[in-house]
Amino acid sequence: MNDDLHLPRTGSVRRVLTIAALAVTAALASGCGSRGPAPTQMDLGPAAAWPSQVTLARRVDLQAVSAPETLQGTGIVYRLSDSDPYARRAYRDSRWAAPLPVLVGARLRQQIARAPVAPTAAGAEPMAPIGVTLELEECLQNFSSASRSEVQVRVMATAEDGTQRAFDRTEPSGANAEGAVKATAAAVDALGPEIAAWAATLSPRDTARPPGRGRR
C-alpha cells in the first residue's frame, strides 16, 4: 500500500478553481436571466368628466374607501366561472399600481370634486356638505367563456347620518387584464355620480344631537 499523496500542481489547482468559479457565475447569470419582465403597473387612467345633467343639492365629501382582505392587494383578479367557479386568480403580468381601495378612492374624489352644486336662494346660506364612506365589497372579472367576461364592482355607501345604500355596476371586459382595467374604470365612473347624487339628498349629522341608528 502506498501512503504517499500525489497533490496536483499549483497551476492545475488554479485552473480547476477558475473553471469552477466560471461555472457558478454562469449558473447565477442563467438564473437571473430566466426571470420574466416585471408586471405592468396599471391604474384607472384619467378621471372621467362629470355628467352635465347631474347637479348636486350639496357638496359631498368622500371620507374613506375600505375593502375586505381579498381586495387589499394589488392583483388584478378574475374568476373562470365556466370551468373553475370557486377559485380567485390573479394575472401574472399585470398588477394594480396601488391597492384597489386607494385607486378607487382617488378616482372618485377627483370625479366628485368636479360636480356642480345647485345654487342657493338669494341671501340663503350654502347647504352644509355631507360626508360619506364606502366599502368596496367586490371588484372581479368574471369569465363566462374563454373570450367573454364582465367586471362587477359593488360598494356599500354609508352617509354620516348612518343611512346606507348598496351600489352595483357591471361592465363588459373582454378577455385580458387590460379589458378588466378599462371595465373597472368605467364601472367606477358610472357609480360616482350615482353615489354622490344619493348622498347629496341626505342631511348632514347634527353634531348637537347624538346620531340616530342607521338603516342597513
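Given the structure is predicted, the values throughout are model-derived calculations rather than measurements. (Residues numbered from 1 in each chain as written. Predicted model: local features only at pLDDT ≥ 70, side-chain atom pairs only at ≥ 80, totals over all residues. Heavy atoms only, no water.)

A. Structural context of the nonpolar core. Counting 47 residues, the largest nonpolar core has Leu-56, Val-60, Trp-96, Leu-134, Leu-136, Val-153 and Trp-198 as its most contacted members. For this core, the secondary structure elements donating two or more residues are strand 2 (60-66), strand 3 (75-80), strand 4 (84-96), helix 2 (100-113), strand 5 (130-145), strand 6 (148-159) and helix 3 (177-200). Here this core takes 13 residues from helix 3, the largest share from any one element. Filtering out sequence-adjacent residues up to four positions away, Leu-136 remains in contact with Ser-66, Ala-67, Pro-68, Leu-71, Leu-100, Pro-101, Val-104, Val-153, Arg-154 and Val-155. (Core = buried A, V, L, I, M, F, W, Y, C linked by side-chain atoms within 4.5 Å. Buried < 20%, exposed > 50% of the residue type's maximum accessible area, 1.4 Å probe, protein only. Helix = DSSP H or I, 4+ residues; strand = E, 2+ residues; numbered from the N terminus. Contact = heavy atoms within 4.5 Å.)

B. Layout of empty space enclosed by the protein. Inspection of every chain in the model, using the stated rule, returns 1 cavity of 30 Å³ or more. What the largest cavity holds in volume is close to 40 Å³. At the level of elements, helix 2, strand 6 and helix 3 are the ones that each hand at least two residues to the lining of the largest cavity. Counting residues per element, the lining of the largest cavity draws most heavily on helix 3, at 3 residues. Each residue belonging to the lining of the largest cavity can be placed in one class, and the counts come to 7 nonpolar, no polar and no charged. (1 Å grid on protein atoms, 1.4 Å probe; cavity = no way out; pocket = protein on both sides within 12 Å on 5 of 7 lines; lining within 4 Å. Points joined across faces, edges and corners; volume = space filled by probe spheres on them. Nonpolar A, V, L, I, M, F, W, Y, C, P; charged D, E, K, R; others polar.)

C. Molecular detail of the packing of helix 2 against helix 3. One way to put it is that helix 2 packs onto helix 3 with a least axis distance of 10 Å and a crossing angle of 55 degrees. Relative to helix 3, helix 2 is oriented oblique. Like other packed secondary-structure pairs, helix 2 and helix 3 cross with a definite hand, here right-handed. Residues Val-104, Arg-107, Leu-108, Gln-111 and Ile-112 of helix 2 form the contact with helix 3, whose participating residues are Ala-185, Val-188, Asp-189, Gly-192, Pro-193 and Ala-196. Of the residues in the contact of helix 2 with helix 3, the class split is 7 nonpolar, 2 polar and 2 charged. (Axes fitted to C-alpha atoms, helices over the stretch in contact; angles between N-to-C directions. Parallel < 35°, antiparallel > 145°, perpendicular 65-115°, else oblique. Left-handed = near helix turned anticlockwise from the far one by under 90°.)

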